[in-house]
Structure formats: structure tokens, C-alpha cells
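What follows is the residue order along each chain.
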Amino acid sequence: MDPFMLLLLALLAFMIIGSLIAAETEDLLSSVVCVGAIGAGLAIIDLFLGAPDLAITQVVVEILCVAILIRVVLNRKDETHRTHKDTFAVGSVLLFLGVLLVLGGWAMTTLHPFGEPLLAGDQPGVAQQYLTNGLQDTGAANYVMAVLLDYRAYDTLGEATVIFVSIIGAYVILRQRGKLRHDTGNESDS
Amino acid sequence: MTLGALPYILALVLMLIGLYVVVAKKNIIKIILGVCILEYAVNLFLLLLGYRHGGAAPIRTAEQADTSAFAAGAVDPIPQALILTSIVIGLGCLALMVSLAVRLHEKFGTFDMTRIRELKG
Amino acid sequence: MGNMLPLFIALPLAGGFLAALGARKSSLAGGDVARVMALIISGCLLVGSLALLGRESCVYWIGGWPSPDASTVGLSLVCDGFTQMLLVTVNAIGFFALLYSFSYIQRFTGRALYYCLFLILLSGMNAVVLSGDLFNVFVFMEVSVIASYALVAFGVERQELEASFKYVILGSVSSLFVLLGIGLLYNLTGQLNMALVADRLAGIETGPAVWLAAGCFIAGFGLKAAVVPFHAWLPDAHP
């Protein structure tokens, strides 16, 4: 096994261990920090798998997520620690997830294996066309950006709309008062 | 290589841990973290799908004049574009979930889902 | 004919962006302007979708990318018979729900934001119905679904917040299932365009990975649509 694969597997194991700690620790703050560590691990994997743009975005979004979540967790009392031990429910969930793992793992062995995607061959995927024609078509040296902002720019419009909607949604949800005091009373936006 | 599917399966394990947190935990923040883990795992899976052995980042430099040689050696740019979109969508969802959690804590004084139970569903 | 298709998405999207401008004004004026605009746009969409009924299928290539020898690099909007039926359904329900909500929404604050969210929800659903690309379906499904999370919680009372939280969690998980299914299909076929995916899938044997992708889609879209085994969130969110 080559060192690259070993490193990748080690990072994946790190992410799994981090997520297990995040799942089982009692303290919410450490849980949030563990999820931050998982995101950092993902950013490193991004770098190793040839996706530098992704690593940058991942780190920025990660910092934002962790900052927001820490802000929420701090100074809010929470007394869920006496977890409601419902062994039967947890057992049935674990059983269900185990079945999913076996079936899903079996299905994934029949995919095109890791490192050999369907790029070339007798029926090349659309990615090969992007890689071959991207520079002539779009003039972008970064092919990810060529796909994101030129070939599939309509998706990016949807992405921008998602951001817009979630800001409007958060604004709606964080309004102090949703209903007017009287149906015909004087009106004011909060 | 015989372990062609091993990274996929590890990503699947990560997904299932996220799903477990969402389903089995009773704390709102934990549930949100579970969704985050699930999202990371799906993004990771998409990224793994796009890699090819020895592949370079899909960014042309001035030295790489030969298009066909470049196209034969670069990793797949499509999953990366998809992940960039899905990361941002995940951030939007997270903002919404967190604002809901803040309001729920304001109204109920707790993050415990078993005590936020006015509805029957 | 096909040149009309983007309007089903662009018109309500533009309306939604404009309606948000009314949010900071005094709620009366902003809300009323947004209401009239929403009514006009929704009515236009209903008339447009009725006018499309019975036409032959057409495809609109977004950005004008040509499609030589059936290899497609761009995104497409597709309008066939089933799409026409769904477009009429979506826009008719949207129009009449809007008419009904005029009096209902009077008791809430921030009405301009309601119309903004409503129009973007309509735009997202039209885009999902028209889209010819798997990932594009996912993106615009998220647009419409995030708008509907906010609409469920619009009154910000205890029960509405609780219902919305359950809906957000189930909705996010189901979206990620859909994304997983898209990834599996992309690995198997190397395409994202629906017609090409169907074409390539016919050429490979139906192995367990295809079944896993199908299961992901059924679970994901089933959770979103509240099909029977996944229906628990629905009565709370739409009382």
C-alpha cells in the first residue's frame, strides 16, 4: 500500500474518531469543537485530493460554522446531560444503521473503484469534455471555476438564491414578534 | 488495488454516524451537529468519487501546453464544483437551524427535544 | 416556444428579490406593493403554464451551450407532457394559495417578507419541475425547501418553531440522501444530464449501486413529499 493511501485512510479514521467523540461527549462545547476538527480534516483531504479551492472554502465555512455554533452554545444553560437511556430505541437505531452499512458497503464495492473514475474510456463522461474543451470554451485556467461559473452558472444562481433565502429566513425567524397584537392594531415591523 | 472501495465505505461510516446522532440524540445542538457531520460525509464521498490516481488539481499553468496530456492527468472538476455549491447550501441550512435553535431556547428555556413537545407528530 | 421556459423561474425570482426591498419600509406600504406584485406574477405564471399545455416537447439550453453529437456540456430546461401537467399544478396551487393567504397573512408582521419567500418558493418549484439536470434539481429543491422552512416558522410562536425545526432536520437529511444518490449515479454514468443518465444506465447492468441510488432517491424525495412511511413531520408543519 502506498503512503498516499495510508495517509488518506489515517485522515478518514481521524474524522470518524472525531465524529464518534462529538456524538458521545456530554459537553456541547467540546462536541462543537470536535465537529470543527472533522471539518479541518476534510479540508486537509481536499488538499490531498487535488481540490485547493475546496480546501479554502471548507476552512472559511468551517470557521464560520464553529463560530456561530459556539456563540449559540455559550451562555445558554442546558441540562440535557442526564441522558434518557432508552436502550431499546438506541439498539434498534444501531441495528438499522448496521443493516444500512452492510447493504451500502456491498453496493459501494460495485462502483468504479477509488482513483479510477469514469473519465476516459469508450463512453467518456461529461467531465472529460470539460477538461478537453474548457480552456477554449471559457478561457478559464481553473477548470473548477470554469464549470462553476460558466458551464453550470445556472446552478450558481441557485446557490446565490439559497444564501439570499436563508438570510431572509433567518431574519423572519429572529423577528421578535410574529403576530400583530390586534388584528387591526397599529402596525410596526420589528 | 484491492481496496478500491475502502475510502467509500469509510465515508459511508461517517454518514451513518451523522445519521445516528440525528436520530438517537435528544439535544437540539447535537442534532444540528449530526446534520453537519452528515453533510461533511456526503461532500467527502463526492470528492472521493472525483479523484484519480496521481491526479493533479484541475488548474492549468503556463507549462501545461498540451491539452490532451493535461486532460489525462487532472482530477475530475465536476464533483468539486458540486461540493462548492453544496457547502454553501449547507451553510444556509445551518444558519436557519441555528436561528431556530436560538428561538426555541428563548421560548422553552432548554435545548432538550423531549421537553419541547407541544405537538403530537 | 422554448424561449418562454426561463420566465417561469426568472419572473418569480425577480419578484422575490424586489419584494424583499419592501421589508424595511413601513410594513403597510411594502406589504401592499409586494402583494400586488405577487398576484400579478403568479397570475402570469398560471396563464403561461396553461398556454404551454398540449404543445410539443421543447428544450431550452441555458447559456446557449450547443449540444453537438448528443454530448451536453450545459444545463437545460425541458418541457414535455408530464412537465406541462406539473407546471399547471404547481402554478394553479400557488395562485390559489396566494389568493387565500391575502386575508390570513394580515395578522402577521413583516408581510413583504412573506411575499418574497412565497415567490422564491414558487420559482424553486418551477425550476425543479422544468430542470433537465440532476444536480440542478437538488439546488433548486433546496431553494424552495429553505423558503418553506421559513414560511412554516412565519408566526414565530412555540408550536410553529417546533414544527419548523423538525421539518428542517428531516428536510436537510433527505436533501443529503438525494445528493448521495446523485453522486452514485454520477460515478456510474459520468453524466448529470437526466436524459444522458437514463441513456447510460440502460447500457450498464443494474447492480446494487443502482439500487442504492434508487433507494437514496426514494428516501430523499419521499421524506420531502411525506410519502407514507416518511410522513410524520407533515401534520405538524402544515396545521
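### A word on the overall build of chain B
When helices and strands are tallied, chain B shows four helices and zero strands. The secondary structure elements of chain B, listed N-terminal to C-terminal, are α-α-α-α. A globule of 121 residues ought to have a C-alpha radius of gyration of about 14 Å, yet chain B, at 20 Å, is considerably larger. Judged by the C-alpha coordinates and their principal axes, chain B covers about 65 × 35 × 20 Å. Per-residue burial over chain B gives 73% buried out of 121 residues. Counting only contacts in chain B whose residues sit at least 6 apart along the sequence, the fraction spanning at least 24 positions is 52%. Approximately 3,500 Å² of chain B is accessible, and the part contributed by carbon and sulfur atoms is 60%.

### Describing the side chain of R111 of chain C
As for its position among the elements, R111 of chain C is in helix α4 (residues 111–130). In this structure the side chain of R111 of chain C is engaged in a polar contact, spanning 3.5 Å, whose partner is the backbone oxygen of Q106 of chain C.

### As for the interface of chain C and chain B
With 31 residues of chain C at the contact, the number on the chain B side is 37 residues. Approximately 3,200 Å² of surface area, both sides summed, lies buried where chain C meets chain B, with 79% of it carried by carbon and sulfur atoms. Of all residues in chain C, the largest losses of buried area upon contact with chain B belong to R158, E162 and F165 of chain C, amounting jointly to 21% of the total for that side. The tally of links from chain C across to chain B stands at zero salt bridges. The interface formed by chain C and chain B contains three residue pairs in polar contact (both at pLDDT 80 or more).

### Let's talk about the interface of chain B and chain A
Each partner contributes residues to the interface: chain B has 75 residues there, and chain A has 92 residues. With both chains or domains summed, chain B and chain A bury close to 7,700 Å², and 77% of this area falls on carbon and sulfur atoms. Of all residues in chain B, Y40, Y51 and L84 of chain B bury the most surface against chain A, accounting for 9% of the area lost on that side. At the boundary of chain B and chain A, one finds one salt bridge. The closest approach of N and O atoms between E24 of chain A and K25 of chain B, which form a salt bridge, is 3.4 Å. At the junction of chain B and chain A, the tally comes to 17 residue pairs in polar contact (both at pLDDT 80 or more).

### Considering the nonpolar core
With 184 residues, the main nonpolar core has I45 and L111 of chain A, I28, L44 and F45 of chain B together with F138 of chain C as its most contacted residues. In contact with F138 of chain C, not counting residues within four places along its chain, are S86 and I89 of chain B together with S175, V178, L179 and I182 of chain C. Judged by nonpolar contacts, the second largest core, of five residues, contains L131 and Y143 of chain A together with A71 and A74 of chain B.

### Regarding the pattern of salt bridges
For the structure shown, the criterion picks out six salt bridges over all chains. Taking the shortest distance from any N to any O, the salt bridge between R152 of chain A and D155 of chain A comes out at 3.0 Å. Note on accessibility: R152 of chain A and D155 of chain A belong to one class, buried. Among the ionic pairs, R35 of chain C bridges to D32 of chain C, the shortest N-O distance being 3.7 Å. Placement of the pair is R35 of chain C and D32 of chain C together in helix α2 (residues 27–52), with a separation of three residues, close to one helical turn. Three or more residues are tied together by salt bridges with common partners; here these are R152 and D155 of chain A together with D133 of chain C.

### Regarding the packing of aromatic side chains
Scanning all chains against the criterion turns up 18 aromatic pairs over all chains. Linked through ring pairs, Y100, F102, Y104, F108, Y114, Y115, F118 and F154 of chain C together constitute an aromatic cluster. Residue placement shows R60 of chain B over the ring face of F70 of chain B; its charged tip is 5.1 Å from the ring centre. Note that R158 of chain C overlies the ring of F108 of chain B, its terminal NZ or CZ placed 4.3 Å from the centroid.

### A look at the state of the cysteines
In total, this model carries zero disulfides over all chains according to the counting rule given. The thiol of C44 of chain C is unpaired, and the distance to the nearest cysteine sulfur, on C79 of chain C, comes to 17 Å. By relative accessible area, which is 43% here, C44 of chain C ends up partly exposed. With no disulfide of its own, C116 of chain C lies closest to C93 of chain B among cysteine sulfurs, the gap being 17 Å.

Cut-offs used in this document
Residues numbered from 1 in each chain as written. Chains lettered and ligands numbered in written order. Predicted model: local features only at pLDDT ≥ 70, side-chain atom pairs only at ≥ 80, totals over all residues. Heavy atoms only, no water. Helix = DSSP H or I, 4+ residues; strand = E, 2+ residues; numbered from the N terminus. Rg over C-alpha atoms; globule rule 2.2 N^0.38 Å. Buried < 20%, exposed > 50% of the residue type's maximum accessible area, 1.4 Å probe, protein only. Contact = heavy atoms within 4.5 Å. Areas by Shrake-Rupley, 256 points an atom, 1.4 Å probe, with all protein chains shown as cover. Polar contact = N/O pair within 3.5 Å; in protein donor to acceptor, adjacent residues only side chain to side chain. Buried area = accessible area lost by both parts, 1.4 Å probe. Salt bridge = Lys/Arg side-chain N within 4 Å of Asp/Glu carboxyl O. Core = buried A, V, L, I, M, F, W, Y, C linked by side-chain atoms within 4.5 Å. Phe/Tyr/Trp six-rings, centres within 6.5 Å; stacked < 30°, edge-to-face > 60°. Lys NZ or Arg CZ within 6 Å of the ring centre and 35° of its normal. Disulfide = S-S within 2.5 Å.

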